[in-house]
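Listed here are the chains, written in short residue letters.
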Amino acid sequence: MASIQLERVSKAYGKLPSVVRDVSLRIGDNEFCVFVGPSGCGKSTLLRMVAGLESISSGELRIGGTVMNDVPPARRGVAMVFQSYALFPHMSVFENMAFGLRLAKCPPQEVERRVRSAAGILQLEPLLDRMPKALSGGQRQRVAIGRAIVREPDVFLFDEPLSNLDAALRVQTRFEIARLHRDFGRASAIYVTHDQVEAMTLADRIVLLNTGAAVARDGSVAQCGTPLELYHHPRNRFVAAFIGSPRMNFAPARLLQCDGELATLQLRGGETVQARVDARGQSSGAELTIGIRPEDIEVDAGGPALARDVLWQERLGEATYLYLDAAGGGDAWVAKAPGHFSAAPGHRVALRLPPERVHVFDAADVALPRTVQPAGLPAMAVAA
């Protein structure tokens, strides 16, 4: 077992802006950590620095307490699973899985034991004599994972391993990776993906990397925490927008008043919304942004409500997603209604926004602190 520690790690190519900027975090023994973010945020580069495939421009990387900045990849105790499988087409499944062990001059009996043990874990025993061209995409990915397992590493590294699979295989292989980490039980894992659903379902902890127009923030950590912390307690608008599908709804608003526990805001359409946030640091009339997730909107509910026109509906059986006109400008809203609910385009619906579920972001897109913890939500932990 080995923990991974990064202290102010950065990566730059020549005089170009840094692609990874000042990343500090600690990944504990047996932890499954997911690096997630949009394309170009530096998550794969950060993974490759841990693997030793990219040099570190500044900062320090430790694995198991040992500084690894200048240690060759083969001596870091890590095994990497690539997006492209990287199997040798002229070798059988057995030979592919055994290749690294034989290169390391592992005794033949030990090679046999490790390969067959890994094949049993991944249900590859009937396929050991097949060539890669005779395997499905999911089977090839399992062989690539098996090749990593046989090395019995301290750290597993996964670089977008499911991106070449179709939707059904992604779900199946995702389950197998989660089961593998649980059953293997000895190694830490870092998994890179741009798919926030993969991040939410696999991670013990998520590291979301910044990207955007503000170059000074590119490649830095936007937020680090458990999946539910990022989902229910986003630190800023970028995190709130990236985590969740469908994404959070946003609307510009102006602060009317705040009594310390309850803020009253006015949308551009003239409607007022209340939020249980501490807005005492904001002046009256301040331009803010409200956010609310589709499942937190109560459709056709009693009490004070907003009225919106339905633009489109998606009926999925267990739920109906309503795409709604955003009065006063901005993107269309999405509200989640029960599966039996139906509203044709042009139909007007009433929406209630529970004050304890409304997020508020200041002019710098930083979330204002909640004054009331919504029932059923996990409390926000102190960031590592």
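On a predicted model such as this, the values are computed, not experimentally measured, just so you know.

> Let's hear about the overall build of the protein: which residues, and what values?
If you tally the helices and strands in the protein, you get 8 helices and 20 strands. In terms of its C-alpha atoms, the protein occupies a principal-axis envelope of roughly 75 × 45 × 35 Å. For the protein, with 384 residues in total, the buried portion stands at 48%. Summarising the internal contacts of the protein: among those between residues at least 6 apart in sequence, 64% fall at separations of at least 24. Charge centroids of the protein, computed over 43 positive and 41 negative side chains, lie 5 Å from each other.

> Give a description of the confidence of the model for the protein that names residues and reports values.
For residues with low pLDDT, the predicted coordinates do not support detailed interpretation. Residues of the protein with pLDDT of at least 70 account for 94%, and the chain-wide mean is 89. Per-element averaging of pLDDT across the protein places helix α5 (residues 167-184) at the bottom with 81 and strand β20 (residues 359-361) at the top with 97.

> Quick rundown of the sheet that holds strand β6 (residues 78-81)? Include the residues and the values.
What the 6 strands build is an open sheet, ordered β6-β7-β8-β3-β9-β10; its pairing is mixed. Taken across any chain shown, the strands that pair with only one partner, and hence form the sheet edges, are β6 and β10 (221-225). Averaged over neighbouring strand pairs, the angle between their axes works out to 15° when direction is ignored. Taken together, the 5 bridges between strand β3 (residues 32-36) and strand β8 (residues 188-193) define a ladder with parallel strand orientation. Residue pairing for β8: V36 is matched across the bridge by T193.

> Describe helix α1 (residues 43-51), with residues and values.
With 7 of 9 residues buried, α1 lies mostly within the body of the structure. Positive phi appears at G52, one or two residues downstream of α1, with a value of about 90°.

> Please set out the side chain of Q141 residue by residue, giving values where relevant.
Note on placement: Q141 falls in helix α4 (residues 137-149). Among the residues examined, Q141 registers a relative accessible area of 0% and is labelled buried. Contacts of Q141, omitting those with residues within four sequence positions, involve V81, F82, Q83, Y85, P161, L162 and T173.

Calculation rules
Residues numbered from 1 in each chain as written. Predicted model: local features only at pLDDT ≥ 70, side-chain atom pairs only at ≥ 80, totals over all residues. Heavy atoms only, no water. Helix = DSSP H or I, 4+ residues; strand = E, 2+ residues; numbered from the N terminus. Buried < 20%, exposed > 50% of the residue type's maximum accessible area, 1.4 Å probe, protein only. Contact = heavy atoms within 4.5 Å. Lys, Arg positive; Asp, Glu negative; His and termini not counted. Charge placed at Lys NZ, Arg CZ, Asp CG, Glu CD. pLDDT = per-residue confidence, 0-100. Pairing = 2+ DSSP bridges. Axes fitted to C-alpha atoms, helices over the stretch in contact; angles between N-to-C directions.

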